[in-house]
Amino acid sequence: MLEPVLEPTLARAALYRLLALGFSYPESQVLSKTGALAAELSQHPSLAGEGPIEEGLREALDRVSEAFSVPDLELDGLAGDLAYDYDTLFFKGNGCAPNETAYVAQSFAKARDLADIAGFYRAFGLESSEERRELPDFVGSELEFMAIVLARQAYAESKGSPGKAGVCAEAGRQFMDEHLGRWLPAFCREVQARSGDNRGGEAYSALALLAERFVAAELALMGLEPKPLAAGVEDAEAGEQVHCDPKFQ
């Protein structure tokens, strides 16, 4: 269970972690973790209006919890339903590209942004995963990075280390301003517009709504107004793929 003493930072980290899981490929094990975390967060007092949480966030979180929380015996069925919509939404030219550089037109800018994102990951000791290789600008990787940064910030706060906590807070703020906060809102709107009314479509529409509202709350909390990137500029170029894995030291 989340410790109230570490709120609101740890609750924010958990929300980023939930979104990272939700946008990962819908394998049964991943869905089990997603549903369990969504159910826990939906009952947590910090998300009941007591912290820097946007009003509509609780409603969106409840929708995600309902969509992803199923009995273990139904996990394989849910995974099958979501897998079809996952591929259709994100990987069949439907305009919901789940990578930041899909919203960047120039090849040079794409390469620069990928290198910059990878630099953020290296600065926090994150390494590539051999099990699932994604581009560093994949939505799940960027969300996971923010979860890790805030979890480390919460740990530093709990140990009375304001210097280390400040470093983490500034890294998260910079990453939101230069990367995640620029393109995720457009991505979320596209997902909601293109999701169907079936089981998988409802799940990803709910997840996108939660992500859109949470990121808006985060940008307001940080006092940021990043220059937005437009949706569907062009497909991300192929390149070396890495995945952001948490390696706490």
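Residues numbered from 1 in each chain as written. Predicted model: local features only at pLDDT ≥ 70, side-chain atom pairs only at ≥ 80, totals over all residues. Heavy atoms only, no water.

Considering the pattern of salt bridges
A complete count under the given rule lists nine salt bridges for this structure. Linking Arg17 and Glu144 is a salt bridge whose minimum nitrogen-to-oxygen distance equals 3.8 Å. Of this pair, Arg17 sits in helix α1 (residues 9–22) while Glu144 sits in helix α6 (residues 139–158); the two residues are 127 residues apart in sequence, bridging distant segments of the chain. Overall, Glu144 belongs to the buried group, its relative accessible area being 6%. Here Arg199 ties to Asp81 by a salt bridge, and the two come within 2.9 Å at their closest N and O atoms. On the criterion of sequence distance, the pair formed by Arg199 in helix α8 (residues 199–222) and Asp81 in helix α4 (residues 75–90) is long-range, its members being 118 residues apart. According to the relative accessible area criterion, Arg199 is partly exposed, its value standing at 37%. Overall, Asp81 belongs to the partly exposed group, its relative accessible area being 33%. (Salt bridge = Lys/Arg side-chain N within 4 Å of Asp/Glu carboxyl O. Helix = DSSP H or I, 4+ residues; strand = E, 2+ residues; numbered from the N terminus. Buried < 20%, exposed > 50% of the residue type's maximum accessible area, 1.4 Å probe, protein only.)

Concerning the packing of helix α2 (residues 28–42) against helix α3 (residues 57–68)
At their nearest, the axes of α2 and α3 sit 8 Å apart, and the two run at 145° to each other. Of the two possible hands of crossing, α2 and α3 adopt the one that is left-handed. Across the interface between the two elements, Leu31, Thr34, Gly35, Ala38, Ala39, Leu41 and Ser42 of α2 pack against Arg58, Leu61, Asp62, Val64, Ser65 and Phe68 of α3. Across the contact of α2 with α3, the residue classes tally to seven nonpolar, four polar and two charged. (Axes fitted to C-alpha atoms, helices over the stretch in contact; angles between N-to-C directions. Left-handed = near helix turned anticlockwise from the far one by under 90°. Contact = heavy atoms within 4.5 Å. Nonpolar A, V, L, I, M, F, W, Y, C, P; charged D, E, K, R; others polar.)

Brief notes about α1
An α-helical segment advances 3.6 residues per turn. Residues three or four places apart therefore align on the same side. Across its 14 residues, α1 extends 20 Å between first and last C-alpha, which sits within 8% of the 20 Å expected from 1.5 Å per residue. Counting buried positions along α1 yields 13 of 14 residues, so the element is predominantly enclosed. (Expected span 1.5 Å × (residues − 1).)

Side note on the packing of aromatic side chains
The geometry of an aromatic ring pair comes down to the distance between the two centres and the angle between the two planes. Taken as a whole and assessed by the stated rule, the structure comprises 18 aromatic pairs. A centroid spacing of 6.5 Å and a plane angle of 80° characterise the contact between Phe68 and Tyr204, whose relative ring orientation is edge-to-face. In this pair, Phe68 is assigned in helix α3 and Tyr204 in helix α8, connecting sequence segments 136 residues apart. Overall, the relative accessible area of 1% leaves Phe68 in the buried class. Here Tyr86 and Tyr204 contribute two aromatic rings whose centre-to-centre distance is 5.8 Å and whose plane-to-plane angle is 55°, an arrangement assigned as tilted. Here the residue Tyr86 occupies a position in helix α4, and Tyr204 occupies one in helix α8, the gap between them amounting to 118 residues. Of the residues examined, Tyr86 reaches a relative accessible area of 2% and is grouped as buried. (Phe/Tyr/Trp six-rings, centres within 6.5 Å; stacked < 30°, edge-to-face > 60°.)

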